[in-house]
Each structure stands twice: as C-alpha cells, then as structure tokens.
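A look at the structure
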Amino acid sequence: MKRWAGILTAMLCIGLTDLATAAEKTKYPPPRFPSYLKPPKSIEDIMPFARAAVRQTGGRTPLGLVEKGMTVAIFTEPTADDMVMQAIKRAYEERGVKVQIVPEHVLLGVSKEEALKAVKASHWYTSEQGYMEAHRWVTQRFSDPEVPKKWLKERRPDLYKAMFQKEEEGVAPELVELGRRFGGRNVAEAIVKYLDQHKEVNVVFWRRGGRTVTRKSLEPHGSKFYGNFIFDNRWELMNKAATFPGDVWRLVEERVLEPLAWVDQVHVTDPEGTNFTFEVNEKQAEAWAKGAYQQGHLFMFPHQATGRFPYSSVDYPAFTKKYNPRFLIKVNGVFAGTNNHTGSFPKIEVRVKDGYVAEVKGGGLYGEVWREFLKYPKINDLTYPFHDQPGYWWIYEAGTGTNPKFFKRPDENMSGTNSSERNNAGVIHWGFGLRLDHGPDKPVGSKEWMEFAKQNGLPDDHWWHIHNLLPTYRVRVRGTKNTWLTLIDKGEINALSNPEIRALASRYGDPREVLSDDWVAHLPGINAPGKYEDYAKDPWKTIAGVIKKIDSGSYEYFYPVVKKK
C-alpha cells in the first residue's frame, strides 16, 4: 500500500496520472532569448539584481544561505566585472554579511593585466572550436599531461597541431603556463593557504562548476564551500535567473526527483538523435534517488549519484552520513548532439553498449580526437578502484538544469566557453568517462583512486560532454507494464506545470511569467526555419548568426516580444 501511495504521489507531483505518451506535446517550443537584458550604466542599475542574488538560496550559487554576521570569501576569475562585484559586496553588507572579494590573480601574485593576457593566451579560441574540450581533458585529467600529449602527437600529428600548436608557437610559453594555473589546482592550493590565514571566513564561493570536486580541492576547509560563483558578470546577474524564487526552485527539483525510487526503466530521446534506454532494479533505484540531489544540477543518471556521500536535501550543502556505493548500469543506445561545455561541433553520435562507449561517429575534430583516445593504452583494460568492471569509457553524467530563466550567454561563446546553457531547466549535459567523488570512508577525495590513475597514466575524472537542449526524459513505474511518467518533455520540465508549484509561484506574480522559459535553443529544422542537416554540418554558422542578431537587437525570437514604437 505504501509503495502505491508513493507512486501515486510521484505521478501527481509532475502533473500526470495517465500513460504519459498521450500527454506529451506534439511540437517543440520555438526559440527564445530574453529581451530585457540591458548593460548597466551605473552600479545603481545592478543593485536590484545584486540584492536578489544575495538572497537566492537555490542553484549552484546559493548566496542566500549565508547568514547575518558571517564572513564570506568570494574568489573571482580575472574576467570578473569590477562594478558587478562591488554591487554584490554592497548588497551583502546591507544584509549584515562581511565580504572578502579575492581575485585569483592576487592569490597567484600577478597583476590583473598579466592575468588577462595569460588567460587569453591559453584560451585563444571561440566556441567555433568545440573540439577544444578535449584539450582540457588532456591537460587537466592526467597527473602528467605530457604523456597523453606525446602519445597523440606520435599517432595523429594533425590533431595535436589543431589542439596545441597555437599555444606552443604563437605566444610566450610563460603566458600559456600562467593561464593554465587559473581555476585549477594551483589556485586551490593558494585558497587553502588564504583560508589558513583568515580563520574568520565562514563561507566560500569559487569557480563556475564542479562543486563536489571543488570542495574536495579546498580540504581541510571543504565544509566552508557553499557553491560556485557565476554572478561575476552582468549577463548572469542582471536576469530573472537570479530572482527566481528559491522555494519554488527547490520544490521543482523535489518533484522531478520524487519518482526515481519507483522506476525500473528510463527512456531518453532528443531531436538531434539521442535515443537510449536503461533499467534499474529496486535497490539501484533507491540508491539513485538517495544520491541524485544537487541544487541546479540534478543527477539524472545513477553513476553520478553513486560513488559518493550524497548531498543532503535538508541541510544543503552538507553531505549525508551514509556512503552510496558505485554500481554500473547497462545503458544501450545513442547519445547525439552538436554542443558541449566549450562550444559546437558537427553532429556527433556516440553509441553505447551495456553502458560503455562502443563507437563514435561524426563530430568533426571532436569526434576524431575522441576516437583516438578510445584506443589509449590501458584505458579499456584496467579496473578502476571501487568498480567491478574494467575500462574508463562508461557513460557517467546526466547533469540536468532546473531554472527556466537561465540562457546561453552570447559573450562566453566568443571566448570559447559554453557552460551557461546547461543551467536552463530541462537541458541535460551528458558526460563520459569514470569519476569517483569520494572513497567509502569519508567525503573527501579517494587517495586510492588518484594513485591508481597516476601510476597507470590514466585520466582521473570524466569530461567529453554532449548537450541535449530539447530532450524528452521518461521513466516507467516499477511493477507495471506500461505506466510511464514524462519528467522532461521536449526540453521543458513538466513539474513547472504542476498546480502545486504554480500556486506557490503565484506568491511572486503571475505564475505564467514566473515559471516561463526565457530561453529556448535555436535549432533549424527542429524548432526554427531551415534544414537540420545543414545546421548539423556547421552548427557554429547558425550560433554565430543568432549571437549577431542578439547583439544588434534584431533577433526575431526575443521574449517577451519587444513592441515596435
């Protein structure tokens, strides 16, 4: 009886009590981009958004979790906007919070001018070169990056040239080396030293992603880490994502996750070609549900929810006390797309058999590099610690955004980054390659894991992302033949239409506006004019055209619609 009560609750929570297929929309939502984004003329233009941000308790940057009387340290990248940061500081101080804004370049002992030159030297590309995501894997996932670099250069000098020649021959080597130090282990070590000296600091915010790994890098001060910091620029601060009600945000996430403990099969599709399924037994489903919560980035695949101490949904960002052991799931099907964390690439199709990458088709240079490293020495043969099957190339991540107000930042694409779109509600980014967040003894990095990777010259973390921008994510209720729940329908989280959530959202205004998606990806042949086949060959051509129209104010899909005078 209890079981069926839970299933019924889960079905009602996402607004579905029938067999879900019939309830799904027949058309993909048209493109959107927020029309209200305006550059600030003074700090006073920023302050309303800054005040909202320092009260925001949801997402990857929950500044509102800091209480009056605390001291918070915010560690910023060289590109952080000074006026935006001063607005954040002022808004926090209005709340009675003491603020220390600490630039990374100060920690490393260089000027901001030097830091910006260094970052540009090591980040010379735009999002047109989406294959450069592989560059970060090579340089940041191996204890000695020179080993995989040498291996690639000997096998495929053409690929090596595309990834490394400009930074090796085009600029001063010392600038490239300095650029690599920002945001990585060197900065983490400097932050630890800073916190050793500034014991008054209660809370830390740092980096744009990778919360669990960031927290591990700050030990023994990991418990002070509350989240990433993305509000260092006007694009991500001066929008409705920062003002999205935290209690509504939390309830949406709870309703998405609630069915997971009751499912036995998952089926995911996407108009770019993703189509795969996997099954879980009762014990696996329960373990997945216990570990799936992370604010603003739900773990919608069991591998990412296991091999860790889960986040507490009650006392976030604390971890729970019980370890969630890793188990491997037999996924079968195709993961396809044209975008990753760096940018775009010709359509790629990754075929997975029993959870492991079996084939990579297409993808331009991104696919070429990936296919080479599928054959890297030992990578398919050795068994990583705390795993019962060999190999590295398992599907690992299904990070799912939950805030409908986030959007694809045009400016970051021009500097070779594409991380903002993953925060939008319903967007899923898939990540490949093994990762283990914690060992079974305590919620810190596993020395056994890192030592294994180092001794065998293997990567110690996942990467290799594919973004699905309009996915449909369906789960089957355990013990039934055909009772399916649609959690995400063509890129939109169904919980946002739930009467309970709409009632809560009505406290903050018209729920249709509060919960509306302010951004939808522009995909020709799917939800925009044009042929998908043409787009898939050269996605950057479309993306660059959209950016140009947004910058000029002529984009035909601005939302809300801009009325002509």
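Before going into details, it helps to say that this report is about the structure given with it. (Residues numbered from 1 in each chain as written. Predicted model: local features only at pLDDT ≥ 70, side-chain atom pairs only at ≥ 80, totals over all residues. Heavy atoms only, no water.)

In this section: the overall build of the protein. The helix and strand inventory of the protein stands at 23 helices and 18 strands. For 565 residues, the compact-globule formula gives about 24 Å, and the C-alpha radius of gyration of the protein, at 23 Å, lands near that figure. With the C-alpha coordinates of the protein rotated into their principal frame, the extents come out at 65 × 60 × 50 Å. Taking all 565 residues of the protein together, the buried fraction comes to 59%. The contacts of the protein with a sequence gap of at least 6 include a subset with a gap of at least 24, amounting to 72%. For the protein, the exposed surface amounts to about 23100 Å²; the carbon and sulfur share of it is 52%. Each charge sign in the protein was given a centre, from 80 positive and 70 negative side chains, and these centres are 2 Å apart. (Helix = DSSP H or I, 4+ residues; strand = E, 2+ residues; numbered from the N terminus. Rg over C-alpha atoms; globule rule 2.2 N^0.38 Å. Buried < 20%, exposed > 50% of the residue type's maximum accessible area, 1.4 Å probe, protein only. Contact = heavy atoms within 4.5 Å. Areas by Shrake-Rupley, 256 points an atom, 1.4 Å probe, with all protein chains shown as cover. Lys, Arg positive; Asp, Glu negative; His and termini not counted. Charge placed at Lys NZ, Arg CZ, Asp CG, Glu CD.)

Time to look at the packing of aromatic side chains. Across all of its chains, the model carries 43 aromatic pairs by this definition. Centroid distance Trp137 to Trp393: 5.8 Å. Interplanar angle 35°. Geometry classified as tilted. Placement of Trp137 in helix α6 (residues 133-140) and of Trp393 in the loop between α17 (364-373) and β12 (395-400) is noted, with a sequence separation of 256 residues between them. Of the two residues, Trp137 and Trp393, both sit in the buried class. A ring pair is formed by Trp151 and Tyr376, whose centres lie 4.9 Å apart and whose planes are at 80°; its orientation type is edge-to-face. Taken together, the positions of Trp151 in helix α7 (residues 146-155) and Tyr376 in the loop between α17 and β12 put the pair 225 residues apart, joining distant regions of the chain. Accessibility assignment for this pair places Trp151 and Tyr376 in one class, buried. In this structure, Lys490 packs its charged tip against the face of Tyr28, placed 5.5 Å from the ring centre. (Phe/Tyr/Trp six-rings, centres within 6.5 Å; stacked < 30°, edge-to-face > 60°. Lys NZ or Arg CZ within 6 Å of the ring centre and 35° of its normal.)

With that settled, consider the side chain of Glu253. Of note, Glu253 is situated in helix α14 (residues 246-257). Buried and without a salt bridge, Glu253 has Arg250 as its closest oppositely charged side chain, separated by 4.7 Å. Non-local contacts of Glu253, meaning those with residues more than four positions away in its chain, are made with Tyr293, Gln294, Gln295, Gly296, Leu298 and Thr402. (Salt bridge = Lys/Arg side-chain N within 4 Å of Asp/Glu carboxyl O.)

This next bit is on the nonpolar core. One finds Ile88, Tyr92, Trp370, Trp393, Phe432 and Tyr473 to be the most contacted residues of the largest nonpolar core, which totals 123 residues. For Trp393, the residues in contact, after removing those within four places along its chain, are Trp137, Gly355, Tyr356, Val357, Trp370, Phe373, Leu374, Ile379, Asn380 and Trp464. Counting 20 residues, the second-largest nonpolar core is a separate cluster that includes Phe75, Phe182, Val192 and Leu195. (Core = buried A, V, L, I, M, F, W, Y, C linked by side-chain atoms within 4.5 Å.)

A few words now on the packing of α6 against helix α8 (residues 157-169). Where α6 meets α8, the axes come as close as 10 Å, and the angle between the chain directions of the two elements is 70°. The angle between the axes of α6 and α8 places the two elements in the roughly perpendicular class. Contact residues: Ala134, His135, Val138 and Thr139 in α6; Met163, Phe164 and Glu167 in α8. Tallied by class, the residues present in the contact of α6 with α8 amount to four nonpolar, two polar and one charged. (Axes fitted to C-alpha atoms, helices over the stretch in contact; angles between N-to-C directions. Parallel < 35°, antiparallel > 145°, perpendicular 65-115°, else oblique. Nonpolar A, V, L, I, M, F, W, Y, C, P; charged D, E, K, R; others polar.)

The next subject is the sheet that holds strand β17 (residues 492-493). The strand order across the open sheet formed by eight strands is β11-β10-β9-β7-β6-β15-β16-β17, and the pairing between neighbours is antiparallel. Strands at the two margins of the open sheet, each flanked by one partner only, are β11 (356-362) and β17. Sheet analysis places strand β6 (residues 263-269) next to strand β15 (residues 472-477), joined by six bridges and oriented antiparallel. Within β15, the residue paired with Val266 across the bridge is Val475. Lying on the sheet, helix α15 (residues 282-291) is in contact with β6, β7 (275-279) and β15; it crosses β6 at an angle near 65°. (Pairing = 2+ DSSP bridges.)

On to helix α2 (residues 43-53). Within α2, the full set of buried residues consists of Ile46, Met47, Ala50 and Ala53. Angularly, the buried residues of α2 cover 125° about the axis, an arc narrow enough to put them on a single face. The elements touched by buried residues of α2 are α3 (82-94), α12 (234-237) and α13 (240-243). (Arc of directions from axis to C-beta.)

Here we come to the pairing of β6. In terms of residue burial, β6 counts as a mostly covered element, since five of its seven residues are buried. For β6 and β7, the ladder comprises five bridges, and the chain directions are antiparallel. Its bridge partner being in β7, Thr269 is matched across the sheet by Asn275. Two successive antiparallel strands, β6 and β7, enclose a turn made up of five residues, where Gly273 displays a positive phi of approximately 125°.

Let's shift gears to unusual backbone geometry. Geometrically, the link from Glu219 to Pro220 is a cis peptide bond, its omega value of 15° lying close to zero. A cis amide bond links Tyr316 with the next residue in sequence, Pro317, at an omega value of 10°. Structurally, Pro317 can be placed in the loop between α16 (302-305) and β9 (332-339). We note that Phe386 has phi near 70°; this positive angle belongs to a residue other than glycine. Within the secondary structure, Phe386 sits in the loop between α17 and β12.

If you trace the backbone, Ala425 turns up in the loop between α18 (410-413) and β13 (428-432). Sequence separation between Ala425 and Gly525 is 100 residues, and the spatial gap between their C-alpha atoms is 22 Å. Ignoring any residue separated from it by four or fewer positions in sequence, one finds Ala425 in contact with Gly401, Thr402, Asn403, Pro404, Gly491, Ile493, Leu496 and Asp517.

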